[in-house]
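One letter stands for each residue in the lines below.
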Amino acid sequence: MFINGFIYILGETLKGLYRNRWMCFTSTGVVMVTLLMLGMFMTINLNAQHITEVVKEQVEMVVYIEEDADRATVEELGRALSGHKEVAGVQYISSEEHMGRLQQQLGGMLEGYDTGLENPLLASFEVKTVDPEAVVRLAGEFETYPGVAAVFYGRGYVEDLFAVTRVVQLVGLALMVGLAITAVFLISHTIKLTVLMRQREIKIMKYVGATNWFIRWPFFLEGMLMGFVGAVLPLGILQYLYQIFTQWVTANELMFINLLPLQDVIIALAVFLVPLGVVIGILGSTLSMGRFLKV
Amino acid sequence: MIEARNLGMQYGRGKQLALDNINFFIERNEFVFFVGSSGAGKSTLMKLIIRELKPTGGVLKVFNRDVSSLPRHRLPYLRRNIGMVFQDFRLMEERTVYDNVAFALIVTGKSRREIKRRVPPVLSMVGLEGKAKAKVTNLSGGEQQRVGLARAIVNRPAMILADEPTGNLDPGTALDIMNLLHSINLRGTTVLVATHNREIVDRFRKRVLYLENGRLVGDEQKGIYTNVH
C-alpha cells in the first residue's frame, strides 16, 4: 500500500516538474541567482576572515626597556608581562640580538664596520597577546610599567585593519541574511503560482479523500529538488570562478592576498548552500500550500 | 445515515442565512432529491455533508457522527465514504479515463493490482468500456459525467452526493446519468441529488426535499417538483 502511494507521489513529482517546466525553471533560476550572490558574499567574507586571522597572527608588540634599567627591574618587568592573563607569550631580545637581526636584515652591510660606538639599540620584550585585538589597550597599560621606554605595535595600521574587517564581516552577514530571506520569499511566490495552476487538481484530491500529506508530498519534493539544483549549480559556477581568481592572483604575483585554498572554500560553501537551498525549496513550497489545503 | 437538527448556516455576520433551521433524517439506501431554485441552499447543504463547510447552528450527523466535531485530519476518511459528482465533472483534464477513476483508489492507498482489478468493471458499468485510454478532454459531456460517476463509485462508498449532475447535459444524456444513479442506488448505495431539473424529479418519483431561501419547505416521499413550485 505504502509503496504504491510512494511510486505515485514520485511519479507526480516528476510529472509536475515536467508539466510546469517553465515555472520550475524560473523558480530554480531564482534560487540559483540568489544563492550564487550569497555564495559570492560568503566567499569574500570567508577570505576576509582568513586574511584577518593571518594578519592577527602576526600582530605583536614590542616593549622596549629603558637603557638604564637595572637587572632587577628587567626581571620584574619580564615576570609582570608573562604573568599577565591576556598575554600568550613573552620573549626577551637583548640589544645584541637586535643588532644581530638588523645586520641580517641589511644583508651584511654592517659587517666588519665598527663605529667604535656602543650598541644604540634597546633591549626589549616581544609580547604576543591572547586576543590580537586587545593589543591597543594592553600597549597603553604596559607603557606605565616601570622600566618601559616605549611600546610599539603598528599603531594606526592595526586599528584600521580591525575596523575594516569588522565592517566587511557585518555588511557581508547582513547581505547574506537579506538574500536568504529574499530567496525564501521569491521561491514561495513562484511555487505559489505552480500551486495556483494546480488548484483544481488539489480540490479534486480533497474531494476523493486524499490526506493533506498525500497532496503536499509532490510539492514538497518538487521544492526540495528545485532548491537542491538551485544550490548545486551556483556551487559549480563559484568553484570555476574561484579557480580563475586564484590563478590570476598567482599569475600576477599578488601573493600578499592570502587566499583560502579552493577545497576549503568549496566545502564551506557546499555545507552551507546545499542545505540552505533545500530548506528554501521546502519552505517555499510548504508556505505557499496552506491556503489551498483548507477545503 | 444523515440527520439534520435545527441546522443553520450563515456565510458571515449580518449576512442572510444560507440555511435556516433545517430538520430531516435520511435512511440508509434512500434516494433523495434536494430541489429548489439557485441560492435555495442545496449546494450549501452538500458542502456541509462533506464538511467543506462547518454549520454555524444546529447539528448535522453523517454516518451517525456530528461532522462539526470531526477533526480536520479525519476528513479524508469521511470523504472516502462519500462519492461526489459535480455539475462541471471536475476531472483531471490532462489524464486518461482510467487514471481519473484509478485516482480515487490511489489516494486511499490501494495496491496497483487492486486498482487494475477494480477499475475495468466500474468503467463497463457506466458504459465506458473501451474508453479507458482516452483523454477525458476528448469525451462528450455525458461521457465525462460517466467518468465522474465511475470515480465516485469505485471506492464503494456508502453514499453518493451529486450536485446538479445533469446541469450541463442534454435531456437524453441527463436521463442516462440519472438511470445510472438509480441503478447504483438499487445496489445499496444511498444517493442524494441536488437538482432543479423538473423533468428528472417528476420522472423518478423519489423522496423530495424542497428548499427555498435556505428553509426546508417540503419533504415528500415519491414527490414531484411541481408540488411547491
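Conventions used here
Per chain, the residues get numbers from 1 upward, laid out in the order the sequence is written. Labels are handed out in written order, letters beginning with A for the chains and numbers beginning with 1 for the ligands. Side-chain atom pairs in this predicted model are given and counted only at pLDDT of 80 or more, local residue features only at pLDDT of at least 70, and totals for whole chains, interfaces and linings cover all residues. Starting at the N terminus, helices and strands are each numbered in turn, a helix being any DSSP run of H or I of at least four residues and a strand any DSSP run of E of at least two. Buried residues are those with 20 or more other C-beta atoms within 10 Å of their own C-beta, exposed residues have 12 or fewer, and partly exposed residues lie in between; C-beta atoms are placed from the backbone. By the convention adopted here, residues are in contact when the distance between their C-beta atoms, placed from the backbone, does not exceed 7 Å. Between any two strands, at least two bridges found by DSSP are needed for them to pair. A fitted line through C-alpha atoms serves as each axis, taken over the contacting stretch for helices, and the angle formed by two N-to-C directions is quoted from 0 to 180°. The pLDDT value expresses, per residue, how confident the predictor is, ranging between 0 and 100. By our criterion, buried Ala, Val, Leu, Ile, Met, Phe, Trp, Tyr and Cys residues that link up through C-beta atoms within 7 Å make up a nonpolar core. The length a helix should cover is 1.5 Å for every residue beyond the first. Each angle is binned into one of four classes, with values under 35 degrees roughly parallel, values over 145 roughly antiparallel, values of 65 to 115 roughly perpendicular, and all other values oblique. Crossings are classed by handedness, with left-handed meaning an anticlockwise turn of the near helix from the far one by less than a right angle and right-handed meaning a clockwise turn. All amino acids are sorted into three groups, where Ala, Val, Leu, Ile, Met, Phe, Trp, Tyr, Cys and Pro are nonpolar, Asp, Glu, Lys and Arg are charged, and the leftover types, Gly among them, are polar.

It is worth spelling out the environment of Tyr153 of chain A at this point. Of note, Tyr153 of chain A is situated in the loop between β4 (148-152) and α6 (157-197). By C-beta crowding, Tyr153 of chain A is classed as buried, having 21 other C-beta atoms within 10 Å.

Before going further, it helps to spend a moment on the interface of chain A and chain B. Facing the 14 residues of chain A at the interface are 17 residues of chain B. Every element with two or more residues in the side of chain A that touches chain B is listed here: α1 (2-19) and α7 (199-207) of chain A. Sorting elements by how many residues they give to the side of chain A that touches chain B places α7 of chain A first, with four residues.

The next thing to look at is the pairing of strand β3 (residues 31-35) of chain B. All names here are of chain B. Counting buried residues along β3, five of its five residues qualify, which places the element largely inside the surrounding structure. Taking every second residue as pointing to the same face, both faces of β3 are buried, with Phe31, Phe33 and Val35 on one and Val32 and Phe34 on the other. Pairing of β3 with strand β8 (residues 190-195) involves five bridges; the strand directions are parallel. Pairing of Val35 across the sheet is with Thr195, part of β8. In this sheet, strand β9 (residues 207-212) lies alongside β3 in parallel orientation, the contact comprising four bridges. The partner of Val35 across the bridge, within β9, is Tyr210.

Looking now at the sheet that holds strand β3 (residues 124-129) of chain A. Residue and element names in this part refer to chain A. Reading across the sheet, the four strands line up as β2-β3-β1-β4 and stay open at both edges, with antiparallel pairing between neighbours. Only two strands of the sheet have a single partner each, and these edge strands are β2 (87-93) and β4. Ignoring which end each strand starts from, the neighbouring axes of this sheet average 20° apart. Relative to β4, strand β1 (residues 61-65) runs antiparallel, the two sharing four bridges. When the sheet's bridge partners are listed, Ile65 is paired in β4 with Val148. In the packing of helix α3 (residues 71-83) onto the sheet, contacts are made with β1, β2, β3 and β4, and the angle to β2 comes to roughly 155°.

On to unusual backbone geometry, then. All names here are of chain B. Within the chain, Asn21 stands out as a residue other than glycine whose phi angle is a positive 50°. Along the chain, the position of Asn21 falls in strand β2 (residues 17-26). Owing to 15 C-beta atoms within 10 Å, Asn21 belongs among the partly exposed residues under this scheme. Of note in this structure, Arg90 is not a glycine but carries a positive phi near 50°. A residue is classified by how many C-beta atoms lie within 10 Å of it, and Arg90, with 20 of them, is buried.

On to the confidence of the model for chain A. Residues of chain A with pLDDT of at least 70 account for 92%, and the chain-wide mean is 81. Looking over chain A, one finds the lowest element-wise mean pLDDT in helix α10 (residues 290-293) of chain A, namely 70, and the highest in β1 of chain A, namely 88.

A few words on the sheet that holds β2 of chain B. Residue and element names in this part refer to chain B. Strands sit in the order β2-β1-β4-β5 across an open sheet of four strands; the sheet is antiparallel. Only two strands of the sheet have a single partner each, and these edge strands are β2 and β5 (65-66). In this structure, strand β1 (residues 2-10) lies alongside strand β4 (residues 57-62), joined through five bridges in antiparallel fashion. Bridge assignment links Gly8 to a residue of β4, and that residue is Gly57.

In terms of nonpolar packing, the biggest core is built from 80 residues, with Phe34, Val101, Ala150, Ile160, Leu161 and Leu181 of chain B touching the most fellow members. Discounting residues that sit within four places of it in the chain, Ile160 of chain B has contacts with Gly83, Val85, Ala152, Ile153, Leu181, Ile184, Thr189 and Val191 of chain B.

With 40 residues, helix α8 (residues 212-251) of chain A ought to run about 58 Å at 1.5 Å a step, and its terminal C-alpha atoms sit 58 Å apart, in line with that. Of the residues one or two after α8 of chain A, Glu253 of chain A is the one with positive phi, at around 55°.

Of note, Leu181 of chain B is situated in helix α6 (residues 171-186). For the pair Leu181 of chain B and Val193 of chain B, spaced 12 residues apart in the sequence, the C-alpha separation amounts to 9.1 Å.

Residue and element names in this part refer to chain B. Mapped onto the elements, Arg51 comes out in the loop between α1 (42-49) and β4. The sequence separation of Arg51 and Val62 amounts to 11 residues, and the corresponding C-alpha distance is 9.7 Å. For Arg51, the contacting residues outside a window of four places in its chain are Val67, Leu70, Leu75 and Leu78.

Another point: the packing of helix α5 (residues 141-153) of chain B against α6 of chain B. Residue and element names in this part refer to chain B. One can describe the packing of α5 onto α6 by two numbers: an axis separation of 10 Å at closest approach and a directional angle of 15°. On the basis of their axis angle, the class for α5 and α6 is roughly parallel. Handedness of the α5/α6 crossing: right-handed. Of the residues in α6, those in contact with Gly141, Gly142, Gln145, Leu149 and Ile153 of α5 are Thr173, Asp176, Ile177, Leu180 and Ile184. The residue makeup of the contact of α5 with α6, split by class, is five nonpolar, four polar and one charged.

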